[in-house]
Amino acid sequence: MVSLLENPLRIGLQQQGMSEPQIIVIFGASGDLTWRKLVPALYKLRREGRIAPETTIVGVARRDWSHDYFREQMRKGMEEIYGGVEPEELWSDFVKGLFYCSGNIDNPQSYQKLNTFLSELDRQRGTRGNRMFYLSVAPNFFPEAIKQLGTARMLDDSYKHRLVIEKPFGRDLASAKSLNAVVGKYCVEEQIYRIDHYLGKETVQNLLVFRFANTIFEPLWNRRYVDHVQITVAETVGVEDRAGYYESSGALRDMLQNHLMQLFCLTAMEAPNSMDADSIRTEKVKVLQATRLSDVHNLERSAIRGQYSSGWMKGKPVPGYREEPGVDINSTTPTYVATKFIVDNWRWQGVPFYLRTGKRMPKKVSEISIHFRDVPSRMFQSASQQINANILTMRIQPNEGISLHFDVKMPGAEFRTRSVDMDFSYGSFGIEAKSDAYDRLFLDCMMCDQTLFTRGDEVEAAWQIVTPALSVWDLPSNPSLIPKYEAGTWEPVEAELLINQDGRHWRRL
Ligand SMILES: NC(=O)C1=CN([C@@H]2O[C@H](COP(=O)(O)OP(=O)(O)OC[C@H]3O[C@@H](n4cnc5c(N)ncnc54)[C@H](OP(=O)(O)O)[C@@H]3O)[C@@H](O)[C@H]2O)C=CC1
Ligand SMILES: O=C1O[C@H](COP(=O)(O)O)[C@@H](O)[C@H](O)[C@H]1O
């Protein structure tokens, strides 16, 4: 264990500031995300002294709750997730800043009532008109909520009023464009914070540092040395109680278009001019605009969907997707998706990027692996009789870290090789790298830093790439034709073929 005094990763933690007093208005405050992630993240920030004590939270939803009932619900949430609130005195003070204002997103009077209440709170709590409006509601409400907030002049001050939009931002290119148009009518881009919680993960941010703070990898980071790249986000959970949302979403919309494509961008983009939000986002847009599915006319060669059937997880039987509560018994919604991307630029021409994500996989693991080209001529015999290309793996979660896979000589008279890993693990520094992401994103939004939020053109560029697959998969199709994989196993055989056809295989994780 490294002592705190000599632990280099501790130093950064002591250098961070505190946000201005402000009111955070959460639309959808009686919903799952609020008690599960948002309020716990805000409390964590308060406990760490990262947000001003005056910070005030106002929950909005239709249910006729009182302030006290809202506070009780949030406390119950903390108990369920963290086993309690700590320290008790701080929580008591924190909940004094929790309020509830019932209202309907469609109703203009709800906004008048809310606005009056917010002005009153500004006086009581010293929040000086600084406001963050967080849309934690189903995506079909986004346009109406923005329109109503705009019409009620609650987004007028581009310095003090910020709008946070949960994912998914649109469900295809056309809907993303029309949502961007609504946003653009009432706000300037500097007020908009489109959430992709993967960008809040320490290990995702570390991709930028790893690539652009080190010189030794850059000369290798291109088509001359890289054979291909794999990006995997595998989950063990099934659809849980979110069938209502997931049935109309599926793995491509829920995960690949946003989280995996952010990992892709940070891996494939060019170095930004600086670390400011727009420089980074401009580079992401550029690489997205150079990217396409490898073959849009033959999807089996570029995009594969799959759905889990019943199987076993940790020794227990689990139902198939179509047997889950709220799911149509003939559902064609994919719970797995794999794509092959081609990047038409000088750095990556000819280097395929394979992306895959699925629910009910054998392991929860998210990682990016860079597979380097083989040596031009093999001179040594490998002990495992395998071809061992060098692989650089960036582990996003769990066991956060980075490892480099390379060959060494086995001790003995012969030149026989075996593969070993050189490993950096966040855990070995005694640092929690897996902040829940929402705390970091809240803080950045309060500090008006948009670096970890997606820009309007970036979202559209990402939809542009995957929309050819969606436009086929959204057509009515015979349920028996959706590729299947048993819960607790890796991808369907069709997804194996997607990569095998190129003489490669998915990493076994
Ligand atoms: N839950 C999660 O883990 C994640 C969620 N998200 C996204 O976050 C958002 C919220 O998700 P989640 O909390 O799970 O959703 P829920 O379905 O649990 O909550 C929806 C909320 O919207 C409110 N609501 C519904 N209709 C109206 C209306 N007409 N006027 C005002 N409020 C209304 C509901 O309250 P009431 O019925 O009282 O009005 C409820 O508070 C979604 O965009 C989702 O995609 C993203 C990542 C993860
Ligand atoms: O946005 C979402 O992400 C979660 C996975 O997030 P992670 O931080 O646990 O990797 C996923 O389960 C959910 O379906 C999706 O909406």
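Calculation criteria
- Residues numbered from 1 in each chain as written.
- Chains lettered and ligands numbered in written order.
- Predicted model: local features only at pLDDT ≥ 70, side-chain atom pairs only at ≥ 80, totals over all residues.
- Heavy atoms only, no water.
- pLDDT = per-residue confidence, 0-100.
- Contact = heavy atoms within 4.5 Å.
- 1 Å grid on protein atoms, 1.4 Å probe; cavity = no way out; pocket = protein on both sides within 12 Å on 5 of 7 lines; lining within 4 Å.
- Points joined across faces, edges and corners; volume = space filled by probe spheres on them.
- Helix = DSSP H or I, 4+ residues; strand = E, 2+ residues; numbered from the N terminus.
- Nonpolar A, V, L, I, M, F, W, Y, C, P; charged D, E, K, R; others polar.
- Phe/Tyr/Trp six-rings, centres within 6.5 Å; stacked < 30°, edge-to-face > 60°.
- Buried < 20%, exposed > 50% of the residue type's maximum accessible area, 1.4 Å probe, protein only.
- UniProt positions renumbered as here; feature names shortened; annotations may be inferred.
- Polar contact = N/O pair within 3.5 Å; in protein donor to acceptor, adjacent residues only side chain to side chain.
- Pairing = 2+ DSSP bridges.
- Axes fitted to C-alpha atoms, helices over the stretch in contact; angles between N-to-C directions.
- Salt bridge = Lys/Arg side-chain N within 4 Å of Asp/Glu carboxyl O.
- Near = heavy atom within 4 Å.
- Areas by Shrake-Rupley, 256 points an atom, 1.4 Å probe, with all protein chains shown as cover.
- Domains from an automatic or database assignment.

## What about the confidence of the model for the protein?
When pLDDT drops low, the exact placement of atoms in the prediction is not to be read closely. The predicted model of the protein has a mean per-residue pLDDT of 93, with 95% of residues at 70 or higher. Ignoring residues within four places in sequence, the model shows residues 1–5, a span with pLDDT below 50, making five contacts including any to other chains. On the interface metric, ipTM, the complex scores 0.97, and its pTM is 0.92.

## Considering empty space enclosed by the protein
In total, this model carries six cavities of 30 Å³ or more according to the counting rule given. If you add up the space inside the largest cavity, you get close to 180 Å³. In terms of lining residues, the largest cavity is bounded by 19 residues, among which Asp-196, Gln-257, Asn-258, Thr-454 and Val-459 are the most central. At the level of elements, helix 9 (250–268) and helix 12 (456–473) are the ones that each hand at least two residues to the lining of the largest cavity. Along the lines of polarity and charge, the residues of the lining of the largest cavity split into 10 nonpolar, four polar and five charged.

## Overview of the packing of aromatic side chains
According to the stated counting rule, one finds 23 aromatic pairs in the structure shown. Each ring, one from Tyr-308 and one from Tyr-485, has its centre 6.4 Å from the other, and the planes form 65°; the classification is edge-to-face. Of the two residues, Tyr-308 sits in strand 9 (residues 303–309) while Tyr-485 sits in strand 19 (residues 484–486), which places them 177 residues apart along the sequence. Judged by its relative accessible area of 1%, Tyr-308 falls in the buried class.

## Re the UniProt feature "binding site: substrate" (unreviewed entry) in the protein
UniProt records the feature "binding site: substrate" (unreviewed entry) at His-197, Lys-201, Glu-235, Asp-254, Lys-359 and Lys-364, using the numbering of this structure. Setting aside its immediate chain neighbours within four residues, Asp-254 contacts Lys-167, Arg-242, Tyr-245, Tyr-246, Ser-249, His-259 and Lys-359. At 2.5 Å, the side chain of Asp-254 forms a polar contact with the side chain of Tyr-245. Here Lys-359 lies in the loop between strand 13 (353–358) and strand 14 (365–372). Not counting residues up to four positions away in its chain, the partners in contact with Lys-359 are Glu-235, Val-237, Gly-238, Val-239, Tyr-246, Asp-254, Tyr-308, Thr-335 and Tyr-485.

## Brief notes about the environment of Glu-491
By the secondary structure assignment, Glu-491 is in the loop between strand 19 and helix 13 (493–500). Glu-491 sits in the buried class, given a relative accessible area of 7%. Distance from Glu-491 to Phe-264, taken between C-alpha atoms, is 20 Å for residues 227 residues apart in sequence. Leaving out residues up to four positions away in the same chain, Glu-491 has contacts with Tyr-336, Arg-356, Met-361, Tyr-485, Glu-496, Trp-506 and Arg-508.

## Considering the sheet that holds strand 5 (residues 161–165)
Judged by pairing direction, the sheet is parallel, and its six strands sit side by side in the order 3-2-1-4-5-6 without closing on themselves. Every interior strand has two partners, whereas the edge strands, strand 3 (98–100) and strand 6 (192–194), have only one. Going from strand to strand, the sheet's axes swing by 20° on average, the running direction of each strand aside. Sheet topology note: the strand 2 (residues 56–60)/strand 3 ladder contains three bridges and is parallel.

## Brief notes about the pattern of salt bridges
Within this structure, the stated rule accounts for 32 salt bridges. For Asp-278, the salt bridge goes to Arg-455, with nearest N and O atoms at 2.7 Å. Taken together, the residues span a long stretch of sequence, with Asp-278 in helix 10 (residues 277–289) and Arg-455 in the loop between helix 11 (438–446) and helix 12 at a distance of 177 residues. Asp-278 gets classed as partly exposed once you look at its relative accessible area, which sits at 34%.

## Digging into the site of ligand 2
Every residue near ligand 2 is listed here: Lys-167, His-197, Tyr-198, Lys-201, Glu-235, Arg-242, Asp-254, Met-255, His-259, Lys-359, Lys-364 and Gln-397. Within the contact set of ligand 2, an oxygen atom lies 2.7 Å away from a side-chain nitrogen or oxygen of Lys-201. Between an oxygen atom of ligand 2 and a side-chain N or O atom of Lys-364, the distance comes to 3.0 Å. In the complex, the protein chains occlude 82% of the 400 Å² of accessible area that ligand 2 would expose alone. For the shell around ligand 2, the element with the highest residue contribution is helix 9, accounting for three residues. Classifying every residue of the shell around ligand 2 by side-chain character gives two nonpolar, three polar and seven charged.

## Considerations on the domain arrangement of the protein
Interfaces are often sized by the accessible area lost when the parts come together. Per the domain assignment, the segments making up the protein are domain 1 (23–166) and domain 2 (199–437 + 454–501). Measuring from the centre of the C-alpha atoms in domain 1 to the corresponding centre in domain 2 gives 34 Å.

## A short note on the site of ligand 1
With respect to spatial proximity, 23 residues lie near ligand 1, and among them Ser-30, Leu-33, Arg-62, Arg-63 and Val-137 are the closest. Within the backbone of Ile-105, one N or O atom sits 2.9 Å away from a nitrogen atom of ligand 1. For ligand 1, whose free accessible area comes to 890 Å², the fraction covered by protein is 82%. A class-by-class count of the residues in the shell around ligand 1 yields 11 nonpolar, six polar and six charged.

## Quick notes on the environment of His-505
Looking at where His-505 falls in the secondary structure, it is placed in the segment after helix 13. Residue His-505 is classed as exposed on the basis of its relative accessible area, which comes to 57%. Along the backbone, His-505 and Gln-230 are 275 residues apart, and their C-alpha atoms lie at a distance of 9.8 Å.

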